[in-house]
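Listed here are the chains, written in short residue letters.
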Amino acid sequence: ICFEKKQPFDCEYRIRHHSGDYRWVQAMNRPFYDIDGNFDGYIGTGVDITDIKIAEEGIMRYKILFQSVKDIIKFVDMEGNIIDVNEAALEAYGYSYEEFLNLNIKDLRAEGKITAELLRKCNEEGIIYETIHYRKNKSKFPVSISAKGTFIGGKRVIVSIIRDITERKQAERALKESEEKFRSLFNNASDAVYVYEIN
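What comes next is a walk through the structure. Small disclaimer: the values here were computed from a predicted structure and weren't measured.

**Re the overall build of the protein chain**
- Each helix and strand counted, the protein chain has six helices and eight strands in total.
- Sequence-ordered secondary structure for the protein chain, helices as α and strands as β, is α-β-β-β-α-β-β-α-α-α-β-β-β-α.
- For the protein chain, buried positions account for 26% of its 199 residues.
- Considering only contacts within the protein chain whose residues lie at least 6 apart along the sequence, 32% involve residues at least 24 apart.

See the structure below:
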């Protein structure tokens, strides 16, 4: 259609480089007219956009990973201000995305304070620890946090991957209670009780 109407057009395509690799090219084509004003075809330029395509694919993969994982992911600045969260965070805490961006991580912690030393360790060394967090409705839930500093867009941030460990804690509590009941029965039984191993 562009050829018939002599209109400019742009397109993207892949070509094989002399190295054997395939490269993405963006071509910009414009109608060309001779000195008498007669249409004489198209003149165009091609720009190698392979690096841009790779970056776009990387961003797309990041977005898919960021939004599809079950674990909570938060990005915070060096003062603890929340600068990005994934969908799992919205579901777990009950805040909207906009509300999250007005929070500091200290607003989520039910016990202890976020100290400069803790932020330093997260940033420089990376740490894994357990704590208790508040939801928007002020209910509490236990979490395991893995946090590490990195650069994004030339700015130092801390990436936190957070897992709700409520079920694990409940299982640990049930196991402990079961062990205590067994120990109580074992120690208070009036009959002889013994355990032996069959080889």
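Next comes the rest of the write-up.
**Topic: the sheet that holds strand β2 (residues 22-33)**
- Taking strand neighbours across the sheet as the criterion, the three strands line up as β1-β2-β3 in an open arrangement whose pairing is antiparallel. Two strands lie at the open edges of the sheet, namely β1 (9-16) and β3 (39-48), each paired on one side alone. Averaged over all adjacent pairs, the angle separating strand axes in this sheet is 35°, with direction ignored.

**Topic: the packing of aromatic side chains**
- Using the criterion set out here, one finds six aromatic pairs in the structure.
- A centroid spacing of 5.6 Å and a plane angle of 85° characterise the contact between Tyr93 and Phe100, whose relative ring orientation is edge-to-face. As far as the burial class goes, Tyr93 and Phe100 line up, both buried.
- By way of ring pairs, the aromatic residues Phe9, Tyr33, Phe39 and Tyr42 are connected into one cluster.

**Overview of helix α5 (residues 116-124)**
- Along α5, the residues classified as buried are Leu118, Leu119, Cys122 and Asn123. Seen from one end, α5 has its buried residues packed into an arc of 135°, which puts them on one side.
- Against β6 (127-134), β7 (140-152) and β8 (155-164) lie the buried residues of α5.
- Directly after α5, the chain includes Gly126, whose backbone phi takes a positive value near 85°.

Rules used throughout
- Residues take numbers from 1 onward in each chain, read along the sequence in its written order.
- The model is predicted, so local features are restricted to residues of pLDDT at least 70 and side-chain atom pairs to those at 80 or more, both for listing and for counting; the totals for chains, interfaces and linings are taken over all residues.
- Computation of side-chain values: all heavy atoms of the structure, hydrogens and water removed.
- Think of it this way: any DSSP run of H or I at least four residues long counts as a helix, any run of E at least two long counts as a strand, and we number them from the N terminus.
- When a residue's accessible area, from a 1.4 Å probe over protein chains only, is under 20% of the maximum for its type it is buried; when over 50% it is exposed; and in between it is partly exposed.
- Any pair of residues with heavy atoms lying within 4.5 Å of one another is described as a contacting pair.
- Any two strands with at least two DSSP-identified bridges between them are counted as paired.
- Note on definitions: angles span 0 to 180 degrees between N-to-C directions of axes, and those axes are lines fitted to C-alpha atoms, for helices only across the stretch in contact.
- Stacked, edge-to-face and tilted labels apply to pairs of Phe, Tyr and Trp rings (six-membered ring for Trp) whose centres lie within 6.5 Å, assigned for plane angles under 30 degrees, over 60, and everything in between, in that order.
- What the arc covers is the set of directions going from the helix axis to the C-beta atoms.

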